[in-house]
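Examination of the molecular architecture
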Amino acid sequence: MTFTYSTTGYHTVKVYITDSRGCIDTFSRYHYVAVAKPDVSFSAMPTKGCAPLTVYFTDNSTDISGVSVNSRSWDFGDGVYHSLASATTSHYYPGAGTYYVFLKATDNVGCTDSLTKPAYIQVNKPVANFSTSASNACVDQPILFYNSSMGGGLTFHWDFGDGHISTDNFPS
């Protein structure tokens, strides 16, 4: 006989028998079958920052009593994969982007489960850039500065090299 459990935990199994004369017997095995499945959970610190960014991950997965996660496979969303036993790891994100993180946990019974957190890590990298109307000028001749910097929520600090500064987006 085959039976498939749909819930985790320790299950008591009993068999009741009756023979042709109506005699009855029972046999029980208390908490005899352990049905496991990791409940996958993880956290990261930080989840947002400036490139390059090192993020520290912790596997917080749980399982039934007496069963533990002993293998982890991480996908950090940037083409880098790690397989390890430790519940903690770190990952270096060198460039800007938004990254998913995937964790597959395997317990010491051999049961697996996984979790994907889409757009979980956000790495920002503003790009400073400008051009001018002229790179050569006479004293008191205005030069236009064209700000082509990219990024969200930018503030500016211009230093013109002669002791003058500006915090304008497009200084004149």
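Our structure's up above, just so we're on the same page.
A brief structural summary.

Points about the overall build of the chain
In terms of helices and strands, the chain carries 0 helices and 14 strands. Listed N to C, the secondary structure of the chain is β-β-β-β-β-β-β-β-β-β-β-β-β-β in terms of helices and strands. Rg of the C-alpha trace for the chain: 31 Å, well past the compact-globule value of 16 Å for 172 residues, more than 25% over. Its C-alpha atoms give the chain principal-axis dimensions of roughly 120 × 25 × 20 Å. In the structure as shown, the chain presents an accessible area of about 11700 Å², 53% of it carried by carbon and sulfur atoms. In the chain, which carries 9 positive and 13 negative side-chain charges, the distance between the mean positions of the two groups comes to 18 Å.

Some words on the environment of His11
Looking at the element boundaries, His11 is found in strand β1 (residues 9–18). Sequence separation of His11 and Ser65 is 54 residues, and the distance between their C-alpha atoms is 13 Å. If sequence neighbours within four positions are ignored, His11 has contacts with Tyr5, Arg29, His31, Tyr32, Val33 and Val35.

Digging into the side chain of His91
Mapping His91 onto the fold places it in strand β8 (residues 88–93). Of the residues examined, His91 reaches a relative accessible area of 6% and is grouped as buried. A distance of 2.8 Å separates a polar atom in the side chain of His91 from a polar atom in the side chain of Asp78. Discounting residues that sit within four places of it in the chain, His91 has contacts with Leu53, Thr54, Val55, Phe57, Phe76, Asp78, Val80 and His82.

Focus on the sheet that holds strand β3 (residues 42–45)
Here 3 strands make up an open sheet; going across it, the order is β3-β5-β8 and the pairing antiparallel. With one partner strand each, in any of the chains shown, β3 and β8 form the two edges of the open sheet. On average, adjacent strands in this sheet sit at an angle of 25 degrees to one another, irrespective of strand direction. Looking at chain direction, strand β5 (residues 53–59) and β8 are connected through 6 bridges and run antiparallel. Looking at β8, one finds that Phe57 is bridged to Thr89.

Looking at the pattern of salt bridges
Per the counting criterion, the structure on display carries 2 salt bridges. Notably, a salt bridge pairs Lys37 with Asp113, separated by 3.9 Å at the nearest N-O pair. Here Lys37 is found in the loop between β2 (24–35) and β3, whereas its partner Asp113 is found in strand β10 (residues 112–124), with 76 residues between them in sequence. Residue Asp113 is classed as partly exposed on the basis of its relative accessible area of 25%.

Regarding unusual backbone geometry
For residues besides glycine, phi is generally negative; the peptide bonds are generally trans as well. In the segment running from Met45 into Pro46, the intervening peptide bond is cis, with an omega of -10 degrees. Relative to the assigned elements, Pro46 resides in the loop between β3 and β4 (48–50). Cis geometry marks the peptide bond from Ala51 to Pro52; its omega dihedral reads -10 degrees. Examined against the element boundaries, Pro52 turns out to sit in the loop between β4 and β5. At His31, a position not held by glycine, the phi torsion is positive, near 50 degrees. Note on placement: His31 falls in strand β2. Look at Asp140: it is not a glycine, yet its phi comes out positive at around 65 degrees. Looking at the secondary structure, you find Asp140 in the loop between β11 (130–132) and β12 (145–147).

The rules behind these values
Residues numbered from 1 in each chain as written. Predicted model: local features only at pLDDT ≥ 70, side-chain atom pairs only at ≥ 80, totals over all residues. Heavy atoms only, no water. Helix = DSSP H or I, 4+ residues; strand = E, 2+ residues; numbered from the N terminus. Rg over C-alpha atoms; globule rule 2.2 N^0.38 Å. Areas by Shrake-Rupley, 256 points an atom, 1.4 Å probe, with all protein chains shown as cover. Lys, Arg positive; Asp, Glu negative; His and termini not counted. Charge placed at Lys NZ, Arg CZ, Asp CG, Glu CD. Contact = heavy atoms within 4.5 Å. Buried < 20%, exposed > 50% of the residue type's maximum accessible area, 1.4 Å probe, protein only. Polar contact = N/O pair within 3.5 Å; in protein donor to acceptor, adjacent residues only side chain to side chain. Pairing = 2+ DSSP bridges. Axes fitted to C-alpha atoms, helices over the stretch in contact; angles between N-to-C directions. Salt bridge = Lys/Arg side-chain N within 4 Å of Asp/Glu carboxyl O.

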